[in-house]
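Geometric and topological summary
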Amino acid sequence: MKKKKIIVEIHFNAFGFTPDRFEKKWIDHRMALFMKYAVSSLKKQTNQNFLTLVRYEDSTEKLIKEALARYKELPSNIKFVNKAEHMNGLKESCQSNDYIYIVRLDSDDLYHKTYIQQLHDYKPKKDTEVLINQNGYLYDSVTDRIAHYYHFSPQFYVYIYKSDEYLEGKRYRPGGHGNVIKKFKYELLKNRNYVNVIHKQNVSNKRLGKKDTNTGRVDTKNVINDPKKVRDILKEFM
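Residues numbered from 1 in each chain as written. Predicted model: local features only at pLDDT ≥ 70, side-chain atom pairs only at ≥ 80, totals over all residues. Heavy atoms only, no water.

As a further point, take the packing of aromatic side chains. As enumerated under the stated definition, the model contains 15 aromatic pairs in all. Centroid distance Tyr172 to Phe184: 5.0 Å. Interplanar angle 50°. Geometry classified as tilted. Linking Tyr172 in the loop between α5 (163-167) and α6 (180-183) with Phe184 in the loop between α6 and β10 (186-189), this pair joins segments that are twelve residues apart in sequence. Note on Tyr172: relative accessible area 10%, which makes it buried. Here Phe184 falls in the buried class, since its relative accessible area comes to 13%. Here the aromatic residues Tyr157, Tyr159, Tyr161, Tyr166, Tyr172 and Phe184 are joined through ring pairs into a cluster of three or more. Sitting over the ring of Tyr166, Arg171 keeps its end group 3.5 Å from the ring centre. (Phe/Tyr/Trp six-rings, centres within 6.5 Å; stacked < 30°, edge-to-face > 60°. Helix = DSSP H or I, 4+ residues; strand = E, 2+ residues; numbered from the N terminus. Buried < 20%, exposed > 50% of the residue type's maximum accessible area, 1.4 Å probe, protein only. Lys NZ or Arg CZ within 6 Å of the ring centre and 35° of its normal.)

Written out as structure tokens, the structure is:
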């Protein structure tokens, strides 16, 4: 049986469009969001057989370590890494596995608690390069509402690499998550597997009840306002 390593890849502040992501205020606030959402979701996974590499900008290492020191130590399968450590972690995973699955997750979002187990169980076609989750939820943490959400090519995807090809330098470079479904051989995962979280730092980007892009939409008939129902859904993710 072919062996695979599942790697959750989170770009904390190494990439992005926010110019202040290298500053202490931004890092401290984002660390709080990361611990509240992404870490809770990863710790909730029913199958803990995965590695999380949280990539930070090398020049901000001191600020990252100071922010981390305010929280309980992370589980051994969640690691903050600089550029070199990130690449070493990926290459080491290739050494003892036939495939690596690189799972994309933002530091303020969630996956369903069974997601890692789903990936262990799933058997893609031989030539499939990426698994895509089109269906999920959009959670407005400012107003405490949640809605069914669909995106044609969202940021919630998984790259599948043969380990030997990855070590030889093969990389998928879509030029933005909106192009993933256009450029690669894909399969769609049917479950509602993710929660895209709206908070004060990104609230201007999305609104419940209307489109946020040409390819993403909120099901306005399924906007949930009841706090208990919202909590019940979130319990499946964090």
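Moving on, we come to the pairing of strand β6 (residues 130-133). Burial of the side chains of β6 extends over both faces: Val130 and Ile132 are buried on one face and Leu131 and Asn133 on the other. Relative to strand β9 (residues 157-162), β6 is paired through three bridges, and the arrangement is antiparallel. Paired with Leu131 across the bridge in β9 is Val158. Relative to β10, β6 runs parallel, the two being bridged by four bridges. In the sheet register, Val130 faces β10, and the bridge partner there is Tyr186. (Pairing = 2+ DSSP bridges.)

Turning to the sheet that holds strand β11 (residues 194-198), a few remarks are in order. The strands making up a sheet are joined through hydrogen bonds of the backbone, oriented either antiparallel or parallel. A sheet is described by the order of its strands in space; here five strands give the open sequence β5-β11-β7-β8-β12, paired in mixed fashion. Each of the sheet's edge strands pairs with one partner strand only, and the pair in question is β5 (110-111) and β12 (216-224). Pairing of strand β8 (residues 145-151) with β12, which is carried by five bridges, proceeds in the antiparallel orientation. When the bridges of β12 are listed, His151 appears paired with Gly216.

Now for the packing of helix α1 (residues 24-44) against helix α2 (residues 61-68). As a packed pair, α1 and α2 sit with axes 10 Å apart at the nearest point and diverge in direction by 45°. One way to sum up the angle between α1 and α2 is to call them oblique. In the packing of α1 onto α2, the handedness of the crossing is right-handed. Note on element contacts: α2 touches α1 through Leu63, Ile64, Ala67 and Leu68, opposite Lys24, Ile27, Asp28, Met31 and Met35. Among the residues forming the contact of α1 with α2, the class breakdown is seven nonpolar, no polar and two charged. (Axes fitted to C-alpha atoms, helices over the stretch in contact; angles between N-to-C directions. Parallel < 35°, antiparallel > 145°, perpendicular 65-115°, else oblique. Left-handed = near helix turned anticlockwise from the far one by under 90°. Contact = heavy atoms within 4.5 Å. Nonpolar A, V, L, I, M, F, W, Y, C, P; charged D, E, K, R; others polar.)

So, on to the sheet that holds strand β3 (residues 78-81). Across the sheet, seven strands lie side by side as β3-β2-β1-β4-β9-β6-β10; this open sheet has mixed pairing. This sheet does not close on itself; its edge strands, each paired only once, are β3 and β10. The mean inter-strand angle of the sheet, taken between neighbouring strand axes irrespective of direction, is 25°. Packing against the sheet, helix α3 (residues 83-95) makes contact with β1 (4-11), β2 (51-55), β3 and β4 (99-104), and its axis sits at approximately 160° to β2.

This paragraph deals with α1. The end-to-end C-alpha distance of α1 is 28 Å, a good match for the 30 Å that 21 residues give at a rise of 1.5 Å each. Along α1, the sharpest kink reaches roughly 40°, centred on Phe34. All of the buried residues along α1 are Trp26, Ile27, Arg30, Met31, Leu33, Phe34, Met35, Tyr37, Ala38, Val39, Ser41 and Leu42. (Expected span 1.5 Å × (residues − 1). Bend = angle between axes of the 7 residues up to and from the residue.)

For the rest of this paragraph, the subject is the nonpolar core. Of all hydrophobic cores here, the largest spans 38 residues; its most connected members are Phe12, Phe34 and Phe80. In this structure, Val81, Val130, Ile132 and Val180 belong to the second largest nonpolar core, which totals 18 residues. (Core = buried A, V, L, I, M, F, W, Y, C linked by side-chain atoms within 4.5 Å.)

Looking now at the environment of Ala147. Checked against the element boundaries, Ala147 lands in strand β8. Ala147 gets classed as buried once you look at its relative accessible area, which sits at 0%. The spatial distance from the C-alpha of Ala147 to the C-alpha of Ile64 is 33 Å, given a sequence separation of 83 residues.

This next bit is on the pairing of β8. Of all seven residues making up β8, five are buried, and the element is well covered by its neighbours. Here six bridges tie strand β7 (residues 135-140) to β8, and the two strands are oriented antiparallel to one another. Paired with Tyr137 across the two strands is His148, which belongs to β8. The hairpin formed by β7 and β8 contains four residues between the paired strands, and Asp144 there has a positive phi angle of roughly 55°.

By themselves these figures say nothing about function.
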